[in-house]
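# Summary of the model geometry
Listed here are the chains, written in short residue letters.
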Amino acid sequence: MNFTLSALFRGFVIGFVGLSFVACGAKKVEKINIVIPQPPEEPRLFYIDRYYGSSSFTDSSTLDLLIGEDKGSTSGNLFKPYGVAGSDGVMYVSDTAVGNVFAFDLKNKRVTHIGDRAEGRLNTPAGVTLDSKNNVYVSDAKQKKVYGYSPDGSLIFALGKKGEFIRPAGLAIDKKLNRIYVVDVKAHSVKAYSLDGKSLFKFGKRGTGDGEFNFPTNVAVSPINGNIVVVDTQHFRVQIFDKDGKFIRKFGQIGDQPGTFARPKGVAIDSEGHIYVADAAFNLVQIFNESGNLLLYFGGHGRSPGLFWQMAGMYIDDSDKVYIVDNMGNAVQVYQYVSKKWKKANPKKYKELKTLKKEKVKKSGLKKDKKLNPSDSDILEQTPGKGELEKDLHNF
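Given the structure is predicted, the values throughout are model-derived calculations rather than measurements.

### Quick notes on the sheet that holds strand β11 (residues 168-174)
What the four strands build is an open sheet, ordered β11-β12-β13-β14; its pairing is antiparallel. The open sheet terminates on both sides in strands that have one partner only, identified here as β11 and β14 (199-203). Within the sheet, the average angular offset between the axes of one strand and its neighbour, ignoring direction, is 20°. Both strand β12 (residues 179-184) and strand β13 (residues 189-194) contribute to a ladder of six bridges, which runs antiparallel. Paired with Asp184 across the two strands is Ser189, which belongs to β13.

Written out as structure tokens, the structure is:
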């Protein structure tokens with residue numbers, strides 16, 4: 001990409017309208033408004049909340065909230081979350097340490113579990129995805145299987161004959177074609193199945209060429225054209241294929257500049273085709289168009305809202321909510337992409353975002369020549385400047 005750092009770094013772009021906590025032992029009161037980018041620029045995303053488990057809906061001490069400790073447990077709270085998916089007010093999060101999937105009912109404020117029954121019991125759940133009926137599909141890395149559950153947790157689907165998978169991880173479903181794609185990390189390939197369990201095809205092998213992988217991890221399907229987007233983690237790139245596994249293009253390389261990767265993990269695609277890639281080393285989400293041009297990035301290392309500690313899986317639902325797993329933060333952070341359809345459905349909220357005052361925005365003091373740094377403790381959020389990406393950014 002032929003653009004300079006000075007063009008990329010145009011200032012800190014995040015709004016804190018309020019943050020308050022009540023006394024120790026009382027229920028958490030956390031009023032935070034994070035808007036990306038800062039006023040007066042057009043808002044692209046805003047922060048909704050973060051969730052730890054049962055404690056998200058019950059009392060927590062001020063000390064725990066401030067220092068971010070004692071969140072994980074083997075019962076009610078996330079300990080080592082990895083995959084995430086969400087729809088209709090329910091968010092599903094796999095936990096590789098606890099050994100099942102947390103089902104967050106965000107409307108009724110309660111947490112239940114999937115994969116904890118005798119039939120379809122999980123061991124090391126990783127990838128999570130949903131079909132059009134909100135059935136939940138989960139890969140189990142240790143059992144070398146993929147399970148499907150109804151919303152009430154009943155087992156309805158299973159893949160994984162002996163030798164079929166080596167280490168299944170990322171999952172994605174094409175809801176139009178009723179296909180599920182399974183990333184097999186150690187087989188360096190992606191395998192496609194119908195939702196009745198029939199093997200359709202696979203693509204990829206270990207190598208450096210187009211369509212070849214080196215420990216791929218996660219996958220997403222474009223809701224626009226059905227293209228399959230795969231994070232080729234140890235090649236530090238993203239590869240795009242058509243719905244039948246034919247290579248289209250790739251983007252990314254190892255580096256510490258915007259648009260490069262150090263440890264790419266989660267991937268998701270919004271309703272307008274933008275590709276979101278979470279980097280576990282930089283603790284950043286970078287957003288690209290389908291051609292691989294960088295449009296925006298945000299995040300940074302830390303425990304506060306808007307910061308992350310080793311990102312993992314990511315998911316965008318049909319309403320353009322963006323779910324990001326904060327692995328070492330024992331939580332999932334949720335954002336809203338301000339898409340055209342969201343603006344149309346939420347004109348009042350959109351107006352509030354547009355009228356947010358700049359003087360209420362806290363800046364990080366980020367230097368213009370700063371590289372992507374895994375140790376950053378400030379929230380980074382930048383957009384490319386004028387030049388070859390101006391049209392893409394205008395339409396983003």
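What follows picks up the thread again.
### Regarding the pairing of strand β6 (residues 110-114)
Sheet topology note: the strand β5 (residues 100-105)/β6 ladder contains five bridges and is antiparallel. If you follow Asp105 over to β6, its bridge partner there is Arg110. Hairpin connection of β5 to β6: four residues between the antiparallel strands, including Lys109 at a positive phi of 55°.

### A few points about the environment of Gly120
Looking at the element boundaries, Gly120 is found in the loop between β6 and β7 (125-130). On a C-alpha basis, the gap between Gly120 and Tyr147 in space is 6.8 Å, while along the polypeptide they are 27 residues apart. Those residues in contact with Gly120 that lie beyond four places of it in its chain are Gly115, Tyr147, Tyr149 and Leu155.

### So, the pattern of salt bridges
Summed over all chains, the structure comprises 10 salt bridges. One salt bridge in this structure joins Lys175 and Asp318, with 3.5 Å as the shortest N-O distance. Here Asp318 lies in the loop between β23 (311-316) and β24 (321-326) and Lys175 lies in the loop between β11 and β12, a separation of 143 residues in the sequence. The class of Asp318 is exposed, set by a relative accessible area of 53%. One salt bridge in this structure joins Asp210 and Lys250, with 2.8 Å as the shortest N-O distance. Here Asp210, found in the loop between β14 and β15 (219-221), pairs with Lys250, found in strand β18 (residues 247-251); they are 40 residues apart in sequence, far enough to count as distant. For Asp210, a relative accessible area of 45% gives the class partly exposed. Residues joined in a network through salt bridges with shared partners are Glu42, Lys343 and Lys354.

Thresholds, definitions, all that
- Residues numbered from 1 in each chain as written.
- Predicted model: local features only at pLDDT ≥ 70, side-chain atom pairs only at ≥ 80, totals over all residues.
- Heavy atoms only, no water.
- Pairing = 2+ DSSP bridges.
- Helix = DSSP H or I, 4+ residues; strand = E, 2+ residues; numbered from the N terminus.
- Axes fitted to C-alpha atoms, helices over the stretch in contact; angles between N-to-C directions.
- Contact = heavy atoms within 4.5 Å.
- Salt bridge = Lys/Arg side-chain N within 4 Å of Asp/Glu carboxyl O.
- Buried < 20%, exposed > 50% of the residue type's maximum accessible area, 1.4 Å probe, protein only.

Don't take any of this as a statement about function, it's just geometry.
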